[in-house]
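Chain residues, written in single-letter form:
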Amino acid sequence: MTVNMLLPGRIETSRVRRLDAVRAARSGRSCEETAAESVADIPARRYGTPVEFGSVAAFLCGGPAAYLTGMAVRCDGGLSPVL
């Protein structure tokens, strides 16, 4: 049995744009400012793309990862520290 988790970070989606907009409205700043603040916290210095996230998911569902199990794979541009 294969059981893995794919843990997304800030992926450039409509949901993330809505979250940035809500944060901007609450703080009285622009969406661009709040997005830039989020990006500054990501070591890759950008949001991930849906294609990048999908590529990791496809790997985990494919043959090359058949012997990989019990893993939590972070796709977050380095945002979460490795312990």
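Residues numbered from 1 in each chain as written. Predicted model: local features only at pLDDT ≥ 70, side-chain atom pairs only at ≥ 80, totals over all residues. Heavy atoms only, no water.

1. Describing the overall build of the protein chain
Argument step 1. Counting its regular elements, the protein chain contains three helices and two strands.
Argument step 2. Each helix (α) and strand (β) of the protein chain, taken in turn from the N terminus, gives the series β-α-α-α-β.
Argument step 3. What you see for the protein chain is a C-alpha radius of gyration of 15 Å, clearly larger than the 12 Å of a compact globule of 83 residues, by over 25%.
Argument step 4. By its C-alpha atoms, the protein chain is 50 × 25 × 15 Å across when sized along the principal axes.
Argument step 5. Across the protein chain, every contact between residues at least 6 apart in sequence was considered, and the portion connecting residues at least 24 apart equals 63%.
Argument step 6. Here the protein chain has roughly 5800 Å² of accessible surface; of this, 63% comes from carbon and sulfur atoms.
Argument step 7. The averaged location of the 8 negative side-chain charges in the protein chain is 5 Å from the averaged location of its 10 positive side-chain charges. (Helix = DSSP H or I, 4+ residues; strand = E, 2+ residues; numbered from the N terminus. Rg over C-alpha atoms; globule rule 2.2 N^0.38 Å. Contact = heavy atoms within 4.5 Å. Areas by Shrake-Rupley, 256 points an atom, 1.4 Å probe, with all protein chains shown as cover. Lys, Arg positive; Asp, Glu negative; His and termini not counted. Charge placed at Lys NZ, Arg CZ, Asp CG, Glu CD.)

2. Observations regarding the state of the cysteines
Argument step 1. The full count for this structure, using the stated rule, is zero disulfides.
Argument step 2. Take Cys75: it sits in no disulfide, and the sulfur closest to it among the cysteines is that of Cys61, at 13 Å.
Argument step 3. Cys75 gets classed as buried once you look at its relative accessible area, which sits at 14%. (Disulfide = S-S within 2.5 Å. Buried < 20%, exposed > 50% of the residue type's maximum accessible area, 1.4 Å probe, protein only.)

3. Examining helix α2 (residues 31-40)
Think of an α-helix as turning once every 3.6 residues; residues three or four places apart then point the same way.
Argument step 1. Here α2 has its buried residues at Thr34, Ala35, Ser38 and Val39. Viewed end-on, α2 has its buried residues packed into an arc of 140 degrees, placing them on one side of the element.
Argument step 2. In the core, the buried residues of α2 are packed alongside α1 (14-27). (Arc of directions from axis to C-beta.)

4. Comments concerning the packing of α1 against α2
Argument step 1. For the pair α1 and α2, the least separation of the axes is 8 Å and the interaxial angle reads 115 degrees. Taken together, α1 and α2 sit at an angle that is classed as roughly perpendicular. The chirality of how α1 crosses α2 is right-handed. Contacts between α1 and α2 involve Asp20, Ala21, Arg23, Ala24 and Ser27 from the first element and Cys31, Thr34, Ala35, Glu37 and Ser38 from the second.
Argument step 2. Residue classes in the contact of α1 with α2 are distributed as four nonpolar, three polar and three charged. (Axes fitted to C-alpha atoms, helices over the stretch in contact; angles between N-to-C directions. Parallel < 35°, antiparallel > 145°, perpendicular 65-115°, else oblique. Left-handed = near helix turned anticlockwise from the far one by under 90°. Nonpolar A, V, L, I, M, F, W, Y, C, P; charged D, E, K, R; others polar.)

5. Things to note about the nonpolar core
Argument step 1. Counting five residues, the largest nonpolar core consists of Val16, Ala35, Val39, Ile42 and Tyr47.
Argument step 2. Each residue touching Ile42, except ones within four places of it in the same chain, is listed here: Arg10, Tyr47, Asp76, Gly77 and Leu79. (Core = buried A, V, L, I, M, F, W, Y, C linked by side-chain atoms within 4.5 Å.)

6. Details of the pattern of salt bridges
Argument step 1. Counted under the stated rule, the structure contains five salt bridges.
Argument step 2. Between Asp20 and Arg10 there is a salt bridge whose closest N-O contact spans 2.5 Å. Here Asp20, found in helix α1, pairs with Arg10, found in the loop between β1 (5-8) and α1; they are 10 residues apart in sequence, far enough to count as distant.
Argument step 3. A salt bridge links Glu52 to Arg46, with the shortest nitrogen-to-oxygen separation between them at 2.6 Å.
Argument step 4. Taken together, the salt bridges that share partners define one network made up of Arg23, Arg29 and Glu37. (Salt bridge = Lys/Arg side-chain N within 4 Å of Asp/Glu carboxyl O.)

7. Remarks on the side chain of Ser38
Argument step 1. If you trace the backbone, Ser38 turns up in helix α2.
Argument step 2. Apart from residues lying up to four places away in sequence, Ser38 is in contact with Arg10, Asp20, Arg23 and Tyr47.

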